[in-house]
Every structure is written in C-alpha cells, then in structure tokens.
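Residues per chain are reported as follows:
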Amino acid sequence: MKLVRYDKNPVLAPTTNWWENKAVFNCAAVRSNGNVHILYRAQGDDYVSRFGHATTQNGFDISCREPDPNYESVGDEMERLGVEDPRITKIEDRYYITYTGVSMYPCSEARPSPFKSVPWRCRVGLLSTKDFQTYEKHGCILPDMDNKDVVLFPERIKGKYVMMHRTFPNIWLAYSDDLMTWHDHKLLMRVQPSSWDCDRIGAGAPPIKTEHGWLEFYHGVDHQRNYRLGVMLLDLEDPSKVIGRSANPILGPETDYEKNGLVPNVVFTCGVVDLHDQYFVYYGGADKVIGVATMSHDDLKKVKLEKPV
Ligand code: BMA
C-alpha cells in the first residue's frame, strides 16, 4: 500500500523572492479554522533557511502565500545558518513548533562529524504561536546535543510531555514536565539492517492519535542515500512500545521532482494532516519543492507492519 501523489504536484516551488528562490521544502502542516497552515523551509540567495507560510483550504491547492518570510532567526549565534524542518504540534490552545537551528562549530572546537566534512552544529529549538503572525521563542530544548527530527506528542501521556528525537542514527523518546527540560531518554527504534531504513531513521510528522495507537510517519534512509517514508504504530498508553513499522516504504523518490533537486532522491515529511478521512502527507521533494500525497484511513490499515528487530 502506497501514498497517492496529487497529480498537480509540486504544490509549492521556489519563487523569484530572494529568500526563497533556491528551494522550498520540508514543511509543517496543521489544521485550524477551516485552513491547513503550511510552514515551510525556504532557502534563497544566501542559503540561510527561513520559514515561509502558506495556507490551503482543500488540502491540495494553495489559497494564500506570504511574500515575506513568516519567521527568521535574528541574532542567535546557534542559528546563524538558519532554521530548518519545522514541525507543528497543537497542545491546548497554542501551536508549538520544533525545528533545527543550524550553525557550525568553531574550527577550534570542531568534533568529528559522521560525514567527516563541515562541522555542522544542529540544535533543536522551540517556538510557539497562536496565530502564525507573532512567535514566542522558548529557546534550545536539547542543549549541548547535536540533534534533529524532533516531534512533540499532542498531549501529555501519564502526566508527561513526550517527544521523539533523533540521536544518530536512531529514533529516541524523551519526557518532560515543562517542554523545556527533557529527561529519561529512551531508544525507541533502531535502523533495520538490510532494509529500506537501514542507514538512519527520523521522526517525520508529529504523532497522530488513532484508535489503534500513535501513528507516526517517519523517514528512513538506505546506504545509497535514498530518503523514503514509512509509518510506525506505538502503544497509546506507553509509546515506548512499538506495535509495528512499515515492512516497505509508502513513498519513495520516483518522479522527476523527487529525484532531481538540490539533494537527489529525497522525500521527507514534517507534516501530516487528517482531512476528509484521508491523511494528507506534505513532503519535500529532492530538497527543492513541496508535494502532497494522500492515503485513506482504510488504506492505512492495509499497510503491512512488522515488528522491528
Ligand atoms: C536531513 C535534513 C533534511 C533534508 C534531508 C535530505 O538531514 O537536513 O532537511 O531534507 O537531510 O537532504
């Protein structure tokens, strides 16, 4: 069972605006008052990532798109190369946005990176908003730790806030009383040897509560650097118990806009919306454009799940 691409993809592409003329990709998505808000990562002439904002009413066609960045990080050394890959979770009456703040370690303190190249420093930040116009910056929530792919669960579980994060190359859980200080880090799922998600995995969209468990759309990467999407289901009461994960990917790079862009062969989601009994999966194609693909609730139940090793 696979996601079905919208036939008019991509739904968002670079414009001639200087801050988003190279790439628009990896967007958060959330429903609010009859709209889907899309907060996307944009790169322009300076290759610094900022967030752009667009809305859609039917989930497919863009109804509004702001001409200026909706959010940019100013004056924060830890985010001097920008803010990437936003994920939105509505908790009570606020939208919380987790994202990756990117900079470089000073050469004098650079530590070996897994890719033996630029010593990127990736910190996870937290913002919140009620209206996608004004933002409160809460700061770094995993200090002193290179990390990314953080998603928040939409409600407390057994009294605690819960997040998924990615300590390379696996997906972990952590718990908090206040969304700022995180503890009890616990390995949730490892890469699966010889599988589509053998090299690294990361959470995609914030988990969605279903009668069968927490539904998580995640990305998996193989040794050829193909980024694909799959799902996992976690126990509702104890999300550290994985009920199952996709035996096969539900979306992989097949079209031209998924194979050819700034980074080839990438489909990468940060936002999924439940609309008209369908999951609308918004995803970056080859780190350059945004597409949407859907799956009905009934079809999702047919996705072959297996126990992780
Ligand atoms: C990941 C993130 C994503 C990107 C992906 C593929 O590490 O940086 O923003 O889409 O790599 O390049």
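Residues numbered from 1 in each chain as written. Predicted model: local features only at pLDDT ≥ 70, side-chain atom pairs only at ≥ 80, totals over all residues. Heavy atoms only, no water.

1. Considering the nonpolar core
Stated precisely, the cut-off is as follows: For the purposes of this section, nonpolar cores are sets of buried Ala, Val, Leu, Ile, Met, Phe, Trp, Tyr and Cys residues that join through side-chain atoms within 4.5 Å. Categorising residues by exposure relies on relative accessible area from a 1.4 Å probe, with only protein chains included: less than 20% of the type maximum marks a residue as buried, more than 50% marks it as exposed, and the intermediate range marks it as partly exposed. Strands here mean DSSP runs of E at least two residues long; helices mean DSSP runs of H or I at least four residues long; both are numbered from the N terminus. Contacts: residue pairs with any heavy atoms within 4.5 Å of one another.
Within the largest apolar cluster, 21 residues are counted, with the highest numbers of intra-cluster contacts made by Leu3, Leu215, Phe217 and Ile250. Elements represented by at least two residues in this core include exactly strand 16 (213-221), strand 17 (227-234), strand 19 (267-275), strand 20 (278-285) and strand 21 (289-296). Among residues more than four places away in sequence, those in contact with leucine 3 are Leu229, Ile250, Leu251, Val281, Ala293, Thr294 and Met295. Of all hydrophobic cores here, the second largest spans 19 residues; its members include Val151, Met164, Leu173 and Val191.

2. Digging into the site of the ligand
Counted only if it meets this: Nearness of a residue to a molecule or strand requires only that one of the residue's heavy atoms be within 4 Å of it. Polar contact criterion, stated in full: a pair of N or O atoms within 3.5 Å, where within protein one must be able to donate a hydrogen and the other to accept it, and residues adjacent in sequence count only if both atoms are side-chain atoms. All accessibility values rest on the Shrake-Rupley procedure with a 1.4 Å probe; residue burial counts only the protein chains present in the view. Residues were grouped as follows: Ala, Val, Leu, Ile, Met, Phe, Trp, Tyr, Cys and Pro as nonpolar; Asp, Glu, Lys and Arg as charged; and all remaining residues, including Gly, as polar.
Surrounding the ligand, one finds Asn26, Arg41, Asp85, Lys148, Tyr227, Val263, Val266, Phe268 and Asp287. One of the side-chain nitrogen or oxygen atoms of tyrosine 227 is found 3.2 Å away from an oxygen atom of the ligand. For the ligand, whose free accessible area comes to 310 Å², the fraction covered by protein is 85%. Here the shell around the ligand is built from residues that sort into four nonpolar, one polar and four charged.

3. Section: the sheet that holds strand 21
We count it as follows: DSSP-based pairing: two strands are paired if at least 2 bridges between them are found.
Strand order in the open sheet made by the four strands is 1-21-20-19, with antiparallel pairing throughout. Strands at the two margins of the open sheet, each flanked by one partner only, are strand 1 (4-5) and strand 19. The pairing of strand 19 with strand 20 spans eight bridges and is classified as antiparallel. Counted as the bridge partner of aspartate 274 is tyrosine 279 from strand 20.

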